[in-house]
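Below are the chains, spelled out letter by letter.
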Amino acid sequence: MNYISPNWNTSVLITIDTQNDFTLPNAPAQIKGTIEVLPKMRSLLEKYREKGLPIVHVIRLYKEDGSNVDICRKEMVEEGAKIVAPNSDGAELVSEIRPLNYNSLDADKLLNGEFQSIGENEWVMYKSRWGAFYKTDLEGFLKERNIDTIVFTGCNFPNCPRTSIYEASERDFRVVMVADSMSQVYDKGIQEMKNIGVYVCISNDVMSSLK
């Protein structure tokens, strides 16, 4: 366990794709169960802010011409579906997870690969595919800050969170999956995460560890 146990004091809390268009009821790409986990996510975010530990919100942005959209959704966007379009309300973080004094996302900066600061020790970054490390600077960003443990929460475990977890494991980060703060979690998936050394827990476990 020496290599996989979380180091909470050198951890980052990551939220995945917790944006209006993926979360709110009747949103164009609503992922069921996401709105229900928001209270748990919010509690974790408040604890990380209180402790001064880093937070990164990972998001998607789909250009309306479909040019940066993954192929399984490309045709739908090209035909006019507006999902997390740059500079739209649908692309914004849901209100429950925003820090105080939050301003709108800067789509140009994010699409350019930059990290947008939205609070003290809190950023937003854009990913173009399922994984948060794919063609992004996330690994370097975290290592520059001596972060060795990544705590994952957010939207739709089978797709972006799971891919990002595998990518983090491949890069020898210690990985935490907060199962009650993530939508679309299922038992087999939890076992698969444990099999690769992921520390699977619930939000209360994280809160207790950060006291």
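Residues numbered from 1 in each chain as written. Predicted model: local features only at pLDDT ≥ 70, side-chain atom pairs only at ≥ 80, totals over all residues. Heavy atoms only, no water.

Asks: Account for the pairing of strand β1 (residues 11-16), with residues named and values stated.
Replies: Burial within β1 is extensive, with 6 of its 6 residues counted as buried. A two-sided burial pattern is seen for β1, the buried positions comprising Ser11, Leu13 and Thr15 on one face and Val12, Ile14 and Ile16 on the other. In this sheet, strand β5 (residues 149-154) lies alongside β1 in parallel orientation, the contact comprising 6 bridges. Counterpart to Ile14 in the pairing with β5 is Phe152. When β1 meets strand β2 (residues 55-59), the two strands line up parallel, connected through 4 bridges. Following the sheet pairing, Ile14 is matched in β2 by Val56. (Buried < 20%, exposed > 50% of the residue type's maximum accessible area, 1.4 Å probe, protein only. Helix = DSSP H or I, 4+ residues; strand = E, 2+ residues; numbered from the N terminus. Pairing = 2+ DSSP bridges.)

Asks: Which residues make up the packing of aromatic side chains, and what are the values?
Replies: Under the definition given, this model contains 5 aromatic pairs. Judged by centre distance (4.9 Å) and plane angle (85°), the ring pair of Trp123 and Phe141 falls under edge-to-face. Of this pair, Trp123 sits in strand β4 (residues 122-126) while Phe141 sits in helix α5 (residues 138-144), and the two are 18 residues apart along the sequence. By relative accessible area, which is 12% here, Trp123 ends up buried. Judged by relative accessible area, Phe141 falls into the buried class, the value being 9%. An aromatic cluster is built from Phe115, Trp123 and Phe141, whose rings are joined through pairwise contacts. The ring of Trp123 carries Arg145 above its face, with NZ or CZ at 5.1 Å from the centroid. One Lys or Arg, Arg145, reaches over the ring of Phe141 and ends 3.7 Å from the middle of that ring. (Phe/Tyr/Trp six-rings, centres within 6.5 Å; stacked < 30°, edge-to-face > 60°. Lys NZ or Arg CZ within 6 Å of the ring centre and 35° of its normal.)

Asks: Lay out the sheet that holds strand β3 (residues 116-119) in plain terms, naming residues and giving numbers.
Replies: Strands sit in the order β3-β4-β2-β1-β5-β6-β7 across an open sheet of 7 strands; the sheet is mixed. Either end of the sheet is taken by a strand with one partner, and the two such strands are β3 and β7 (199-201). Across the sheet, the axes of successive neighbouring strands diverge by a mean angle of 25°, strand direction being ignored. Sheet topology places β3 next to β4; 3 bridges connect them, and they run antiparallel. In the sheet register, Gly119 faces β4, and the bridge partner there is Glu122. Sitting on the sheet, helix α2 (residues 34-51) is in contact with β1, β2, β4, β5 and β6 (174-182), with an inclination near 135° to β6. Taken strand by strand, helix α6 (residues 160-170) contacts β1, β5 and β6, and its axis lies near 165° from that of β6. (Axes fitted to C-alpha atoms, helices over the stretch in contact; angles between N-to-C directions. Contact = heavy atoms within 4.5 Å.)

Asks: Could you give me a rundown of the environment of Met41, with the residues and numbers involved?
Replies: With respect to the helices, strands and loops of the structure, Met41 is situated in helix α2. Judged by relative accessible area, Met41 falls into the buried class, the value being 1%. A C-alpha to C-alpha distance of 8.2 Å links Met41 and Thr15, two positions 26 residues apart in sequence. Setting aside chain neighbours within four positions, we find Met41 in contact with Thr15, Thr18, Ile97, Thr153, Gly154 and Ser181.

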